[in-house]
Structures are given as structure tokens and as C-alpha cells.
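# Chains, contacts and geometry: an overview
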Amino acid sequence: EAGAPPVAAEAPAAPVEAALVEPMPPEAVGSMRLRQAAAEGDPAALYEVGARYAEGRGVDRDSAEAALWFERAAERGLAVAQYRLGTMYEGGVGVEESRTEAQRWYLAASEAGNVQSMHNLGVLLSQGIAGTPDFSGAISWFTAAAEHGVRDSQYNLGVIYARGIGVTQDLVQSYIWFAAAAAQGDLDAGGRRDEVANALDADQLAAARATAAAWTMTPPDAAANTVPVPQGGWDSAAALDTQTLVRTIQAALNARGFDAGPADGAMGPRTRDAIRAFQATIGAVATGEIDPMVLTALGVRA
């Protein structure tokens, strides 16, 4: 119409911010709750996916795939994942054997407070990462682990102080650590403790026994030695099962004008085509897969 002001072009909708920061695990791994959390980078979920590949739970055992997921969790600071990754590099399981990489991940986990990593790092250093033992470093980490109650580290310290390996021989310290390991049921440590006792004079033995009796373990930091699990577990009934989730997605797509077919919970070609068409409108890669970005944009929670 003459004289009418021009109609402003509608600004394109801003794309939805992608929540997907890691690959979406396949359906066989577990619930959408687990898979979505892993794809969003939740360290505990990433670890759980790795554990399922490592142990063959729901999927074929695959050490290489397990290592990939453990590394994703480890890079996000999950100490237990760092420990597991260290063991894989040390043993060459799923990755190329590398004592240097094992040391790197054990050190990260140890500094976070993972007690088994402290012990393993002590063993690596006592053997030598590149051929030359680091007894000072080994003793430091064995001591840290022993104080947190790691029996094998306590036993190793008993041997180290009895023989004077990297330190001045100290039979009182040897007795104390053998006694600590024996108190946890290590029969060999009990025998070694009694051998050391026979080499001490009366005053030394009395002091050693008094210190051993008064010794108490420093509780490990739970956050560095456990992996959190959501209430009810990753595969609990609280999470939508796959069929229910697909049905919900189909209904949501149909309501927005994307023809996903009947909301029957079956993930067929029609549903995948509808997802692809929807993904194209929100600036996502058109994979045809249900991922966190699709869920967020449709307002669906798994």
C-alpha cells in the first residue's frame, strides 16, 4: 500500500546454546539420564560410562573405549577416574603403556587426596619412572597413604625403615608401621613386627609399642576416593525409560509441526527425520539423534 511504512524483517531466532560437550554414549550404555549427563560433561557420568565399558556392563568389554571415558572424567578433576586412568597407563590396558603418563595421573589423583594413587605413585617412584629410583618421593607418598590406612604402604614403610632404604635405618619406625599393617590383618607384617621387636632394647620397644598403640588413621577424603551417584542410581525408575522418552519427544515435535508420526515410543525413520528437521531450526547438527540440545530446546527432561 502506498505510503505504508516498510515492514521490518523478523530477526532470526538465536540458536539454542549447545549443551552437548562430549559424545552421546550409545543407547546400550544405559538410561538417557546417564547418557545425557555424560554428554553434558558430568564427571561422575563420564566415569560410569567408562566403568561400564571396562567391566562389560550392558556393552561389550572395551578397554580402549573405557580409557577414553575415564580420561574425559579425569580431565574434569575426578580423582577416582585419574587413578583408574593411571592404572591403565601403568599396565598398558586399553592404552599404550607409559609409566610417565601413569605418574602424571597418579600424581593428580594423589594431590587431590586419592589414597590408592598415593600408594601406586610410591611404588612407581621406588622402581624409577625412567630407571632411577626416587626413594625420597616414594617414602613421602607411602607415608601419606599409610597415614590414611593403606595397609600395603604401611608394610612397605616397615621394610624401608628396617633396611634403611633411602633413609637412615630406624627400627622403631619399622615396628610402628609393621604393627599398623598387622592390626589390619596382615599376618606377614605381624611376623616382621615381632622380628623387629627382638632387635630393639627394652626402652626402644616400650616407646615403639606406645606409639603404635596410640596411632590413629587419618580418614581419607570421601570426595577423592568415591564417585557420586544420583539418588536411585543412574538407571533408576526415576529416569525416563527410552520408550517413554521417545514418546515424549514425538509428541513435542508433533505439537511444533514436525511430523514424527504416532507417539508410539518407536525410534523409526519418520521420527529421526522430524528430529533432523527440528535440529536444523535450532542451529544444531542434524544427526536425527536425541541429545541434550534437542531435549533442552523441546523443554523435555530425561
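Rules used throughout
Residues numbered from 1 in each chain as written. Predicted model: local features only at pLDDT ≥ 70, side-chain atom pairs only at ≥ 80, totals over all residues. Heavy atoms only, no water. Helix = DSSP H or I, 4+ residues; strand = E, 2+ residues; numbered from the N terminus. Rg over C-alpha atoms; globule rule 2.2 N^0.38 Å. Buried < 20%, exposed > 50% of the residue type's maximum accessible area, 1.4 Å probe, protein only. Contact = heavy atoms within 4.5 Å. Areas by Shrake-Rupley, 256 points an atom, 1.4 Å probe, with all protein chains shown as cover. Polar contact = N/O pair within 3.5 Å; in protein donor to acceptor, adjacent residues only side chain to side chain. Axes fitted to C-alpha atoms, helices over the stretch in contact; angles between N-to-C directions. Parallel < 35°, antiparallel > 145°, perpendicular 65-115°, else oblique. Left-handed = near helix turned anticlockwise from the far one by under 90°. Nonpolar A, V, L, I, M, F, W, Y, C, P; charged D, E, K, R; others polar. Expected span 1.5 Å × (residues − 1). Phe/Tyr/Trp six-rings, centres within 6.5 Å; stacked < 30°, edge-to-face > 60°.

### Topic: the overall build of the protein chain
- Each helix and strand in the protein chain was counted, giving 15 helices and zero strands.
- Here the protein chain has a C-alpha radius of gyration of 28 Å; the compact-globule value for 302 residues is 19 Å, and the former is much larger.
- Over its C-alpha atoms, taken along the principal directions, the protein chain stretches across nearly 110 × 40 × 35 Å.
- Classification of the 302 residues of the protein chain by burial places 42% in the buried group.
- Put simply, of all contacts in the protein chain between residues at least 6 apart along the chain, 48% involve residues at least 24 apart.
- On the protein chain, roughly 14900 Å² of surface is accessible, and the fraction owed to carbon and sulfur atoms is 52%.

### A short note on the environment of G191
- Following the sequence through the fold, G191 ends up in helix α10 (residues 187-199).
- With relative accessibility at 30%, the residue G191 sits in the partly exposed group.

### What about the side chain of E22?
- For E22, the location among the structural elements is in the segment before α1 (32-39).
- On the basis of relative accessible area, E22 is assigned to the buried category, the value being 12%.
- Within the structure, the side chain of E22 is placed 3.3 Å from the side chain of R72, a separation counted as a polar contact.
- In this structure E22 touches A38, A39, G41, L46, R72 and R76, once residues within four positions along its chain are discounted.

### Brief notes about the packing of helix α7 (residues 135-147) against helix α8 (residues 151-163)
- Between α7 and α8, whose axes approach to 8 Å, the crossing angle comes to 135°. In terms of orientation, α7 and α8 fall into the oblique class. Pair α7 / α8 crosses with left-handed handedness. Seen from α7, the contacting residues are I139, F142, T143, A145 and A146; seen from α8, they are S153, Q154, N156, L157, I160 and Y161.
- Taken together, the residues of the contact of α7 with α8 break down into seven nonpolar, four polar and no charged.

### Points about helix α11 (residues 202-214)
- The terminal C-alpha atoms of α11, which comprises 13 residues, lie 18 Å apart, in line with the 18 Å expected from a rise of 1.5 Å per residue.
- Near the N-terminus of α11, the side chain that reaches the backbone nitrogen of D203, with its oxygen 3.1 Å away, is that of D201.

### A look at the packing of aromatic side chains
- For the structure on display, the rule yields five aromatic pairs.
- With a centroid separation of 5.1 Å and an interplanar angle of 40°, the aromatic rings of Y47 and F70 are classed as tilted. Remark: F70 occurs in helix α3 (residues 63-75) and Y47 occurs in helix α2 (residues 43-55); sequence separation between them is 23 residues.
- Judged by its relative accessible area of 0%, F70 is buried.

### As for the side chain of H119
- Within the secondary structure layout, H119 lies in helix α6 (residues 115-127).
- A residue is classified by how much of its surface remains accessible, and H119, at 8% relative accessible area, is buried.
- Engagement of the side chain of H119 in a polar contact is seen with the side chain of S153, the distance being 2.7 Å.
- When sequence neighbours within four positions are dropped, the list of residues in contact with H119 reads F142, A145, V150, D152, S153 and N156.

### Description of α3
- Taking 1.5 Å per residue, 13 residues should reach 18 Å; α3 reaches 18 Å between its end C-alpha atoms and fits that length.
- Buried within α3 we find A66, A67, W69, F70, R72, A73 and A74.
- In this fold, the buried residues of α3 make contact with α1, α2, α4 (79-91) and α5 (99-112).
- You can read the cap of α3 off the contacts: a side-chain oxygen lies 3.2 Å from the backbone nitrogen of A64, and it is on D62.
- One or two positions beyond α3, positive phi appears at G77, with a value near 90°.

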